[in-house]
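The chain contents come next:
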Amino acid sequence: MHWTRREFLQISGAAAVAGLMVPLAVTPGMRAYFSDWRALPGMKLRLTLEMPDPGRAQVSIIARSEGHERVIETLAGSPEIDVEMPYIETSEESFEILAVVDSGMHRCMSDAVEVLAQAYQFGL
């Protein structure tokens with residue numbers, strides 16, 4: 001079979017894009033989740049990693065507030081990790097904390113935890 005230059009570039013480009021997307025894809029065997037969906041600053045929530053080898057993973061705790069994201073801390077992987085919810089000064093009523101787990105080959109992201117920044121408004 002004789003390929004034209006255009007066909008070769010299209011196929012090799014598609015293969016390169018597919019090769020870049022595979023490490024970023026969510027792997028069905030990986031899952032990360034917090035023990036609750038809402039917290040107060042200073043509370044500890046348990047982060048559970050369901051994956052083949054959680055000890056080899058790296059976990060980044062990320063805070064989302066006012067349209068910005070920042071890495072709060074980076075932890076070594078473990079089947080269960082206790083994460084203390086930080087206090088972040090914000091003009092909003094709450095901010096979000098989430099975990100990004102990187103196993104070297106694949107990544108997964110936990111659901112976000114809402115951390116109440118101004119608890120007195122909620123009667124707590």
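Residues numbered from 1 in each chain as written. Predicted model: local features only at pLDDT ≥ 70, side-chain atom pairs only at ≥ 80, totals over all residues. Heavy atoms only, no water.

1. With respect to the overall build of the protein chain
Line of reasoning, step 1. When helices and strands are tallied, the protein chain shows 1 helix and 9 strands.
Line of reasoning, step 2. The secondary structure elements of the protein chain, listed N-terminal to C-terminal, are α-β-β-β-β-β-β-β-β-β.
Line of reasoning, step 3. Here the protein chain, with 124 residues, has 32% of them falling under the buried criterion.
Line of reasoning, step 4. Within the protein chain, residue pairs in contact and separated by at least 24 positions form 58% of the contacts whose partners lie at least 6 positions apart.
Line of reasoning, step 5. Carbon together with sulfur atoms contributes 55% to the accessible area of the protein chain, which is approximately 8,300 Å² in total. (Helix = DSSP H or I, 4+ residues; strand = E, 2+ residues; numbered from the N terminus. Buried < 20%, exposed > 50% of the residue type's maximum accessible area, 1.4 Å probe, protein only. Contact = heavy atoms within 4.5 Å. Areas by Shrake-Rupley, 256 points an atom, 1.4 Å probe, with all protein chains shown as cover.)

2. Here we look at the sheet that holds strand S1 (residues 31-34)
Line of reasoning, step 1. Within the open sheet, the 3 strands sit side by side as S1-S3-S6. Their pairing is antiparallel. Two strands in the sheet have a free side with no partner beyond their single neighbour: S1 and strand S6 (80-84). Going across the sheet, the axis of each strand differs from the next one's by a mean of 25°, ignoring polarity.
Line of reasoning, step 2. In terms of strand pairing, S1 meets strand S3 (residues 44-50) through 4 bridges, oriented antiparallel. Considered in S3, the bridge of Phe 34 is made with Leu 47. (Pairing = 2+ DSSP bridges. Axes fitted to C-alpha atoms, helices over the stretch in contact; angles between N-to-C directions.)

3. Comments concerning the environment of Ser 103
Line of reasoning, step 1. Position of Ser 103 relative to the elements: it lies in the loop between strand S7 (94-102) and strand S8 (107-109).
Line of reasoning, step 2. Residue classification places Ser 103 among the partly exposed residues on the basis of a relative accessible area of 27%.
Line of reasoning, step 3. Sequence separation between Ser 103 and Arg 56 is 47 residues, and the spatial gap between their C-alpha atoms is 6.3 Å.
Line of reasoning, step 4. The contact partners of Ser 103, leaving out residues within four places of it in the chain, are Met 30, Met 51 and Ala 57.

4. Notes on the pattern of salt bridges
Line of reasoning, step 1. Here the structure, examined in full by the defined rule, presents 6 salt bridges.
Line of reasoning, step 2. Salt-bridge contacts for Arg 46 lead to Glu 80; the nearest nitrogen and oxygen are separated by 3.3 Å. Here Glu 80 lies in strand S6 and Arg 46 lies in strand S3, a separation of 34 residues in the sequence.
Line of reasoning, step 3. For Arg 46, a relative accessible area of 35% corresponds to the partly exposed category.
Line of reasoning, step 4. Here Arg 64 ties to Glu 96 by a salt bridge, and the two come within 3.3 Å at their closest N and O atoms. Remark: Glu 96 occurs in strand S7 and Arg 64 occurs in strand S4 (residues 58-65); sequence separation between them is 32 residues.
Line of reasoning, step 5. A cluster of three or more residues bridged by salt bridges with shared partners is formed by Arg 46, Glu 80 and Asp 82. (Salt bridge = Lys/Arg side-chain N within 4 Å of Asp/Glu carboxyl O.)

5. Here's the deal with the nonpolar core
Line of reasoning, step 1. Within the largest apolar cluster, 25 residues are counted, with the highest numbers of intra-cluster contacts made by Phe 34, Leu 47, Val 59, Met 85 and Val 101.
Line of reasoning, step 2. The set of elements that each furnish at least two residues to this core consists of S1, S3, S4, S6, S7 and strand S9 (113-116).
Line of reasoning, step 3. A total of 4 residues in this core trace back to one element, the largest contributor, which is S7.
Line of reasoning, step 4. Contacts of Val 59, omitting those with residues within four sequence positions, involve Leu 47, Leu 49, Glu 73, Thr 74, Leu 75, Gly 77, Ile 81, Ala 99, Val 100 and Val 101. (Core = buried A, V, L, I, M, F, W, Y, C linked by side-chain atoms within 4.5 Å.)

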